[in-house]
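Commentary on secondary and tertiary structure
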Amino acid sequence: MATTPGLGGGGSVGVAFETTMGTYEAPDVFVPILSESLEYTEDKYLSEQIRQQSIHTEAKPSYYHVEGDIELEVDPNNILYFLYATRHTPTKTGVGPFTYKFVPNSAGTGATAAGPTTSKTLSITIVRNGEVFGYTGCVLSGFEFSVNTDTGILMATLNIMGLAEGEEADPTEVWIAPVLYGADAHRIYLDAAGATPAFAGGVDVNHNGFTFGVNFNPTAENRVRSDRSASYIAYHITEGTVSADIDFLTRDDYDNFVSTNKRAIRMESLNGGATLAAATDGVRLQANNYFFNSYAAPLEGMGDLVAADTEGRMLGITGGDAYEVHVKSAVAIT
Amino acid sequence: MLEITVDFPNFPKGTEMDVGGVLVKNGETTKLDEDAELAFVSRHRQAVKDKFSNSKQVKLSGTAKYGPSEVAKMFPAPVEPSEEEAPESEDKAGEK
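All right, on to the overall build of chain A then. Tallying secondary structure elements over chain A gives 2 helices and 24 strands in all. In terms of C-alpha radius of gyration, chain A reaches 22 Å, essentially the compact-globule figure of 20 Å for 334 residues. A burial count over chain A gives 44% of its 334 residues as buried. When the accessible surface of chain A is totalled, it reaches about 15,500 Å², and 51% of it is carbon and sulfur. Looking at chain A, you have 19 positive and 41 negative side-chain charges, and the mean spots of the two groups are 8 Å apart.

Here you go:
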């Protein structure tokens, strides 16, 4: 127990795959983060009894769930744990390093099962100034990977939703050397939409930043039972977006926007090689079928670059997947 | 002397791991001599065995030089400051 105020830097976040959804597991891996905001989320019941007064008379605990974000630098050693706790079908190939591929599915709820080809739920352990918080039944309600041209680092914001929280035993933190994707790691490729776009046209060098986001629009579902924690997390419509500021050179993308032409885009962030196959580790974010939902390229000022502020929306595609997330890593998920 | 063994099955053998400030390779054992144990205790203000008591992946063996009682003597709990008593009033106007 702390006896003096503490700093966030003294804390830790650990994650573990759950064997049974909602049953706490001590951390399998500790994840260096930039910030987190997981919190107990509840709308307490306030009684409005009419009893000759105009102030609430009683408060009762109500149903609750846990919710919040984790921001981190993408690291192939730990991002996999979070990607397994999503509405994706995972596959694993290779003999080490391994290549994991996550594609969207239509699961209605979070679930957990053993093995590298099944999605999972997470127990997330957070130590704040010496106090231990164990969040259970956690899945990603969405995520956003982004690169900006200020830092050049591949970052992620992971939106978490879980069933319950409880005090747990003090974990033993173990850290490994970070593996980040810096300014020289990223390549963007463009192609026409397709089930398996070839991206044979070379690297595109006109993107001022890149954001790849997916939102599963989940809800914490409560059921009548003698427990205030959420019963399960339900997924709803998946929304995928690709956003970027792009140097405005020709009307081509603007015409694609007006005509709702479908395109494909891939961003790879790699270490140790120019392709995912050759790299020692890497992340590939790929939208196979998207259209520009918004596109604006105004003359903003005499000294300002002419650039297009764009947002694209992903769509399903016949014979393929709306999007794919690949991670190449030495970590062996079993 | 203590020995720390680390086993993270998902990580490659030989991956260097920082275990409470001690460098241990995954799948291997590192000895912690008395100086290293004292450095660990000073950093964490906790006996080594207490620090690792809840770990699935970090195992400890051997004999510790600094147990919980020794650590408690090294780092006693801070004493809460006591409230100062208010001095007696010097106002004697009410006295006869």
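What follows picks up the thread again.
Moving on: the overall build of chain B. For chain B, the count of helices and strands is 3 helices and 5 strands. Ordered by position from the N terminus, the helices and strands of chain B form the series β-β-β-β-α-α-β-α. Buried positions account for 29% of the 96 residues belonging to chain B. Taking the intrachain contacts of chain B between residues at least 6 apart in sequence as the baseline, contacts between residues at least 24 apart amount to 49%. For chain B, the accessible area works out to roughly 6,700 Å², and carbon and sulfur atoms hold 48% of it.

The subject of this paragraph is the interface of chain A and chain B. Counting residues at the interface gives 22 residues for chain A, matched by 19 residues for chain B. Buried area between chain A and chain B, both sides added, is near 1,600 Å², and the carbon and sulfur share of it is 52%. Taken as a group, A:Thr172, A:Val174 and A:Ile176 account for 33% of the area that chain A buries against chain B, more than any other trio of residues on that side. The interface formed by chain A and chain B holds 2 salt bridges in total. Between A:Glu173 and B:Lys51 there is a salt bridge, with the nearest N and O atoms lying 3.6 Å from each other. At the surface where chain A touches chain B, the tally comes to 7 residue pairs in polar contact (both at pLDDT 80 or more). For the side of chain A that touches chain B, the element with the highest residue contribution is strand β14 (residues 174-176) of chain A, accounting for 3 residues. Residue composition of the side of chain A that touches chain B, grouped by class: 14 nonpolar, 4 polar and 4 charged. Relative to strand β2 (residues 16-19) of chain B, β14(A) runs antiparallel, the two sharing 3 bridges.

Let us now look at the environment of A:Ser243. With respect to the helices, strands and loops of the structure, A:Ser243 is situated in strand β20 (residues 239-247). In this structure, the C-alpha to C-alpha distance between A:Ser243 and A:Pro178, residues 65 residues apart in sequence, is 27 Å.

If you look at the biggest cluster of nonpolar residues, it comprises 85 residues, and the most contacted ones within it are A:Phe82, A:Ile124, A:Leu158 and A:Phe212. Setting aside residues no more than four positions away along its own chain, A:Ile124 makes contact with A:Val13, A:Gly14, A:Val15, A:Leu38, A:Phe133, A:Gly134, A:Tyr135, A:Cys138 and A:Ile160.

Residue and element names in this part refer to chain A. The sheet contact formed by strand β8 (residues 88-93) and strand β9 (residues 98-104) spans 6 bridges and is antiparallel. From the neighbouring strand, Pro 90 faces β9, where its bridge partner is Phe 102. Connecting the antiparallel pair β8 and β9 is a turn made up of 4 residues, with Gly 94 showing a positive phi of about 95°.

What follows covers the pattern of salt bridges. According to the stated counting rule, one finds 11 salt bridges over all chains in the structure shown. Linking B:Lys56 and A:Asp28 is a salt bridge whose minimum nitrogen-to-oxygen distance equals 3.0 Å. Of this pair, B:Lys56 sits in the loop between α2 (48-51) and β5 (58-62) while A:Asp28 sits in the loop between β1 (12-17) and β2 (29-30), which puts the two residues in different chains. Between A:Arg284 and A:Glu268 there is a salt bridge; the shortest N-O distance is 2.7 Å. Pair noted here: A:Arg284 is in strand β22 (residues 281-296) and A:Glu268 is in strand β21 (residues 263-271), with a separation of 16 residues, a long-range link. For A:Arg284, a relative accessible area of 14% translates into the label buried. Put simply, A:Glu42, A:Lys44 and A:Arg228 are held in one network by salt bridges that share partners.

To continue, consider the side chain of A:Arg284. Side-chain polar atoms of A:Arg284 contact the side chain of A:Glu268, separated by 2.7 Å. With residues near it in sequence (within four places) discarded, A:Arg284 still touches A:Arg266, A:Met267, A:Glu268, A:Leu276, A:Glu324, A:Val325 and A:His326.

A word on the sheet that holds β14(A). In space, the 3 strands of this open sheet follow the order β14(A)-β2(B)-β3(B), with antiparallel pairing throughout. Both outer strands of the open sheet, β14 of chain A together with β3 (22-25) of chain B, are each paired with one neighbouring strand and no more. Across the sheet, the axes of successive neighbouring strands diverge by a mean angle of 35°, strand direction being ignored. Two strands pair when backbone bridges link them, and β2(B) and β3(B) are joined in this way by 4 bridges, in the antiparallel orientation. Bridging from a neighbouring strand, B:Met17 pairs with B:Val24 of β3(B).

Attention shifts here to unusual backbone geometry. Note the cis peptide between A:Gly96 and A:Pro97, where omega equals 0°. For A:Pro97, the location among the structural elements is in the loop between β8 and β9.

All names here are of chain B. Read across the open sheet, the 3 strands follow the order β4-β1-β5; overall the sheet is antiparallel. With partners counted over all chains shown, the strands left at the sheet margins are β4 (29-32) and β5, one partner each. Strand-to-strand twist across the sheet, computed as the mean angle between neighbouring axes with direction ignored, equals 25°. Where strand β1 (residues 2-6) lies against β5, 5 bridges are found, and the strand directions are antiparallel. Among the inter-strand pairings, Leu 2 is bridged to a residue of β5, identified as Gly 62.

Residues and elements named next belong to chain B. As for its position among the elements, Met 17 is in strand β2. Residue Met 17 is classed as buried on the basis of its relative accessible area of 1%. Separated by 11 residues in the primary sequence, Met 17 and Val 6 place their C-alpha atoms 8.3 Å from one another.

Thresholds applied
Residues numbered from 1 in each chain as written. Chains lettered and ligands numbered in written order. Predicted model: local features only at pLDDT ≥ 70, side-chain atom pairs only at ≥ 80, totals over all residues. Heavy atoms only, no water. Helix = DSSP H or I, 4+ residues; strand = E, 2+ residues; numbered from the N terminus. Rg over C-alpha atoms; globule rule 2.2 N^0.38 Å. Buried < 20%, exposed > 50% of the residue type's maximum accessible area, 1.4 Å probe, protein only. Areas by Shrake-Rupley, 256 points an atom, 1.4 Å probe, with all protein chains shown as cover. Lys, Arg positive; Asp, Glu negative; His and termini not counted. Charge placed at Lys NZ, Arg CZ, Asp CG, Glu CD. Contact = heavy atoms within 4.5 Å. Buried area = accessible area lost by both parts, 1.4 Å probe. Salt bridge = Lys/Arg side-chain N within 4 Å of Asp/Glu carboxyl O. Polar contact = N/O pair within 3.5 Å; in protein donor to acceptor, adjacent residues only side chain to side chain. Nonpolar A, V, L, I, M, F, W, Y, C, P; charged D, E, K, R; others polar. Pairing = 2+ DSSP bridges. Core = buried A, V, L, I, M, F, W, Y, C linked by side-chain atoms within 4.5 Å. Axes fitted to C-alpha atoms, helices over the stretch in contact; angles between N-to-C directions.

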